[in-house]
Amino acid sequence: MLCQHKTPCPNAEAVDREAARTVATFREQGWSLLCNGVIVFEDTGEILPDGTMIEPHRGPARHALAA
């Protein structure tokens, strides 16, 4: 487990894994590393520490809901 916070962050298998703290951000490349080992992308896709890929799960744009 990478997280060393006093109140541990959610682990990579948790439903709320994206709530873990960011330890490195590469905005020019569009991704960040969380302290639980998850890589999150700007499009909301993820790569878990075991290599499992999570498809982007962004909801519809707000302007599309108003139409």
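This report concerns the structure included in the present document. Note that the coordinates shown come from a computational prediction; the quantities given were computed from them, not determined experimentally.

1. Some details on the pattern of salt bridges
The tally for this structure, following the rule as stated, stands at one salt bridge. With a closest N to O distance of 2.7 Å, Arg17 and Glu46 form a salt bridge. With a gap of 29 residues between them, Arg17 in the segment before strand 1 (22-26) and Glu46 in strand 4 (residues 46-47) connect regions that are remote in the sequence. Here Arg17 matches Glu46 in class, with each residue buried.

2. A look at the sheet that holds strand 5 (residues 53-54)
Backbone hydrogen bonds are what pair the strands of a sheet, in a parallel or an antiparallel way. Strands sit in the order 1-2-3-4-5 across an open sheet of five strands; the sheet is antiparallel. Only two strands of the sheet have a single partner each, and these edge strands are strand 1 and strand 5. In this structure, strand 1 lies alongside strand 2 (residues 31-34), joined through four bridges in antiparallel fashion. Its bridge partner lying in strand 2, Phe26 is registered against Trp31.

3. Brief notes about the packing of aromatic side chains
Evaluation of the coordinates by the stated rule reveals one aromatic pair. Each ring, one from Phe26 and one from Trp31, has its centre 4.5 Å from the other, and the planes form 25°; the classification is stacked.

Analysis parameters
- Residues numbered from 1 in each chain as written.
- Predicted model: local features only at pLDDT ≥ 70, side-chain atom pairs only at ≥ 80, totals over all residues.
- Heavy atoms only, no water.
- Salt bridge = Lys/Arg side-chain N within 4 Å of Asp/Glu carboxyl O.
- Helix = DSSP H or I, 4+ residues; strand = E, 2+ residues; numbered from the N terminus.
- Buried < 20%, exposed > 50% of the residue type's maximum accessible area, 1.4 Å probe, protein only.
- Pairing = 2+ DSSP bridges.
- Phe/Tyr/Trp six-rings, centres within 6.5 Å; stacked < 30°, edge-to-face > 60°.

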